[in-house]
Amino acid sequence: MILSRTKQYLRKNGYFYKKEYIRPLLTPDNIYIFRFGRDRLDNRLIIRYSHKWTGRQRINEIDLRLHKQKHPRIFENESELLNYLEGHLLKHEAKVRAREKEKQHEISDGASK
């Protein structure tokens, strides 16, 4: 299974995910796209993989974009991805929630003036 440990990590921490499969015509790679998040599915994992001659799946590249980042973080395997997620995902989400609260506070202050 592709990224089974990552799926378990997301479920354990209260994230929902949706996966899509893309088979591009011009490249030999297959692509899975995982969209995940708590409220909105605004985080994205793009997994490019191919098959070995034995039929096993080989992950070529994993791109992670948290909250619609322009430049993705690129990982070569699932272990690197999990280490990054454990260290950064919860901190990043706390920053995003704090920014949203500040925006709501500014809007409510602007409406009362």
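All of the points below concern the structure found in this document. What you see is a predicted model; the values in this text were computed from it and never measured.

### What about the overall build of the chain?
Part 1: Regarding its fold elements, the chain presents two helices and five strands.
Part 2: Reading the secondary structure of the chain in the N-to-C direction produces α-β-β-β-β-β-α.
Part 3: Taken against the 2.2 N^0.38 rule, which gives 13 Å for 113 residues, the C-alpha radius of gyration of the chain at 17 Å runs more than 25% over that of a compact globule.
Part 4: With the C-alpha coordinates of the chain rotated into their principal frame, the extents come out at 70 × 30 × 20 Å.
Part 5: Buried positions account for 30% of the 113 residues belonging to the chain.
Part 6: Contacts in the chain between residues far apart in sequence, at least 24 positions, make up 30% of those at least 6 positions apart.
Part 7: Summing over all exposed atoms, the chain offers an accessible surface of approximately 8100 Å²; the carbon and sulfur share of this is 51%.
Part 8: Separation of charge centres in the chain, based on 26 positive and 15 negative side chains, amounts to 4 Å.

### Brief notes about the packing of aromatic side chains
Part 1: A full pass over the atoms with the stated rule returns six aromatic pairs.
Part 2: Summarising the aromatic geometry, the rings of Phe-75 and Tyr-84 are spaced 5.5 Å apart at their centres and angled 50 degrees between planes, so their arrangement reads as tilted.
Part 3: What makes Phe-75 buried here is its relative accessible area of 8%.
Part 4: Tyr-84 gets classed as buried once you look at its relative accessible area, which sits at 15%.
Part 5: Ring-pair connections join several aromatic residues into one group, and the members of that group are Tyr-17, Tyr-21, Tyr-32, Phe-34 and Tyr-49.

### Things to note about the side chain of Asp-42
Part 1: Turning to its location among the elements, Asp-42 is positioned in the loop between β2 (30–37) and β3 (43–51).
Part 2: Among buried charged residues, Asp-42 stands out as having no salt bridge; its nearest opposite-charge side chain is Arg-40, 4.1 Å away.
Part 3: Apart from the residues within four sequence positions on either side, Asp-42 is in contact with Phe-36, Arg-65, His-67 and Lys-68.

### Some remarks on a positive patch on the surface
Part 1: A cluster of like positive charges, contributed by Lys-91, Lys-95, Arg-99 and Lys-103, occupies part of the molecular surface.
Part 2: Secondary-structure assignment places Lys-91 in helix α2 (residues 78–112).
Part 3: Assessed through its relative accessible area of 58%, Lys-91 is described here as exposed.

### As for the pattern of salt bridges
Part 1: If you walk through the whole model with that rule in mind, you get six salt bridges.
Part 2: For Glu-78, the salt bridge is made with Arg-5, and the minimal N-O distance between the two is 3.8 Å. In this pair, Glu-78 sits in helix α2 while Arg-5 sits in helix α1 (residues 4–12), placing the two residues 73 residues apart along the sequence.
Part 3: Linking Arg-48 and Asp-63 is a salt bridge whose minimum nitrogen-to-oxygen distance equals 2.8 Å. With Arg-48 in strand β3 and Asp-63 in strand β4 (residues 57–65), this residue pair connects regions lying 15 residues apart in the sequence.
Part 4: Taking relative accessible area as the criterion, Asp-63 reaches 5% and is therefore assigned buried.

About the thresholds
Residues numbered from 1 in each chain as written. Predicted model: local features only at pLDDT ≥ 70, side-chain atom pairs only at ≥ 80, totals over all residues. Heavy atoms only, no water. Helix = DSSP H or I, 4+ residues; strand = E, 2+ residues; numbered from the N terminus. Rg over C-alpha atoms; globule rule 2.2 N^0.38 Å. Buried < 20%, exposed > 50% of the residue type's maximum accessible area, 1.4 Å probe, protein only. Contact = heavy atoms within 4.5 Å. Areas by Shrake-Rupley, 256 points an atom, 1.4 Å probe, with all protein chains shown as cover. Lys, Arg positive; Asp, Glu negative; His and termini not counted. Charge placed at Lys NZ, Arg CZ, Asp CG, Glu CD. Phe/Tyr/Trp six-rings, centres within 6.5 Å; stacked < 30°, edge-to-face > 60°. Salt bridge = Lys/Arg side-chain N within 4 Å of Asp/Glu carboxyl O. Patch = residues over 30% accessible without salt bridge, like charges linked within 9 Å, V, L, I, M, F, W, Y side chains within 5 Å.

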